[in-house]
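Here is how the chains run, residue by residue.
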Amino acid sequence: MPANAELLEIALTIAHRAADLARQRRDEGVEVAASKSSLSDIVTRADREAEDLIRDAIAAARPDDGFYGEESGGAEGTSGLTWVVDPIDGTVNYFYGIPAYAVSVAVVEGDPDPRTWRALAGAVVNPAIGETFTASAGGGAELNGKALQVKQGTDLALALVGTGFGYDAERRVQQATILADLIGKVRDIRRIGAASLDLCSVAAGRLDAYYERGLNPWDHAAGALIAREAGAQVGALAGTRESADLLIAAEPGLYAQLEPLLRPHFSVAG
Ligand code: LIP
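These figures come from a predicted structure and were not determined experimentally.

### Focus: empty space enclosed by the protein
Turning to step 1, where the next piece is worked out: Per the counting criterion, the structure on display carries 2 cavities of 30 Å³ or more.
Turning to step 2, where the next piece is worked out: Considered as a void within the structure, the largest cavity measures approximately 50 Å³ in volume.
Turning to step 3, where the next piece is worked out: For the largest cavity, the full set of lining residues is T163, G164, F165, Q175, I178, Y211, E212, R213 and F266.
Turning to step 4, where the next piece is worked out: Sorting the residues of the lining of the largest cavity by element identifies α4 (169-182) and β13 (209-212) as the ones contributing at least two each.
Turning to step 5, where the next piece is worked out: In terms of residue class, the lining of the largest cavity is made up of 4 nonpolar, 3 polar and 2 charged.
Turning to step 6, where the next piece is worked out: Here the second largest cavity defines a volume of roughly 30 Å³.
Turning to step 7, where the next piece is worked out: V150, K151, V202, G205, L207, D208, A250 and E251 are the residues that line the second largest cavity.
Turning to step 8, where the next piece is worked out: Looking at the lining of the second largest cavity residue by residue, the classes come out as 4 nonpolar, 1 polar and 3 charged.

And the structure:
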């Protein structure tokens with residue numbers, strides 16, 4: 001089993017190559033290739049091109065590892081490691097030219113299930129503003145090479161909380177009702193539009209907390225490791241692991257204030 005630092009170097013190198021490609025394609029003009037779960041859930045040609053680049057580079061560097069990507073699905077490996085990849089997280093931002101999108105590359109031990117995997121290394125690269133977030137298990141988290149630490153001691157009433165909404169209109173309405181219950185109890189809300197960057201924002205102290213329901217494993221695989229390594233608690237309700245049912249991220253004291261507010265809206269079983 002390679003050292004986490006070695007895996008991080010591979011993730012970082014490949015994520016930067018894909019981010020450079022995504023930036024170039026953005027400058028050339030973005031084309032929608034198809035829609036997925038709904039008309040608003042788009043995939044661009046750059047998404048597919050970036051994932052092809054990442055998958056081929058990982059196959060060359062780590063031929064026995066598994067791969068699990070947003071656009072091309074899963075391929076099992078034999079090494080016990082799986083690379084969990086979102087080639088462009090924040091696709092709608094990317095399509096509109098909003099500089100909040102990122103290439104997210106993580107490598108986990110075990111199946112590509114966030115309820116059971118052990119994340120070993122991850123990189124989140126936002127090429128629009130030149131920011132690279134990285135972490136390895138036990139190695140800490142960094143932004144452009146500078147150590148990150150979550151902000152401590154924020155009371156819920158003064159917390160800046162990030163969240164997001166799904167591509168299904170009915171789910172968005174449900175999510176808005178939860179937000180309506182929460183927004184008067186916190187400082188304010190931010191909707192960045194890319195889970196990986198929401199989680200990195202918690203790690204960097206730009207958000208005090210983040211929660212979202214409906215995330216895919218590739219949306220948060222790298223960002224959750226970066227947040228944890230910066231000192232955040234990441235999970236769901238009642239000590240359960242994060243999953244598509246719910247993800248919460250905040251420093252532990254604030255997590256303990258936020259989780260009870262979310263509990264009535266989400267059953268522990270999700
Ligand atoms: C996005 C997530 C974001 C969520 C969006 C979308 P995508 O992923 O990162 O948190 O609110 O609806 O799912 O589709 O841009 O890879």
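### Some thoughts on unusual backbone geometry
Turning to step 1, where the next piece is worked out: One non-glycine residue with positive phi stands out, namely N144, at about 50°.
Turning to step 2, where the next piece is worked out: Following the sequence through the fold, N144 ends up in the loop between β9 (140-143) and β10 (146-147).
Turning to step 3, where the next piece is worked out: One non-glycine residue with positive phi stands out, namely A238, at about 50°.
Turning to step 4, where the next piece is worked out: Looking at where A238 falls in the secondary structure, it is placed in the loop between β14 (233-235) and β15 (247-250).
Turning to step 5, where the next piece is worked out: For A238, a relative accessible area of 53% gives the class exposed.

### A short note on the packing of helix α5 (residues 195-203) against helix α6 (residues 217-229)
The axes of two packed helices give the description: the angle between them and the distance between them.
Turning to step 1, where the next piece is worked out: The interhelical angle for the contact between α5 and α6, taken along N-to-C directions, is 5°, at an axis separation of 8 Å. Of the possible angle classes, the one that applies to α5 and α6 is roughly parallel. Taken together, the residues of α6 that come into contact with α5 (itself represented by A195, S196, L199, C200 and A203) are D219, H220, G223, A224, I226 and A227.
Turning to step 2, where the next piece is worked out: Here the contact of α5 with α6 is composed, by residue class, of 7 nonpolar, 3 polar and 1 charged.

The rules behind each value
Residues numbered from 1 in each chain as written. Predicted model: local features only at pLDDT ≥ 70, side-chain atom pairs only at ≥ 80, totals over all residues. Heavy atoms only, no water. 1 Å grid on protein atoms, 1.4 Å probe; cavity = no way out; pocket = protein on both sides within 12 Å on 5 of 7 lines; lining within 4 Å. Points joined across faces, edges and corners; volume = space filled by probe spheres on them. Helix = DSSP H or I, 4+ residues; strand = E, 2+ residues; numbered from the N terminus. Nonpolar A, V, L, I, M, F, W, Y, C, P; charged D, E, K, R; others polar. Buried < 20%, exposed > 50% of the residue type's maximum accessible area, 1.4 Å probe, protein only. Axes fitted to C-alpha atoms, helices over the stretch in contact; angles between N-to-C directions. Parallel < 35°, antiparallel > 145°, perpendicular 65-115°, else oblique. Contact = heavy atoms within 4.5 Å.

These figures capture arrangement, not role.
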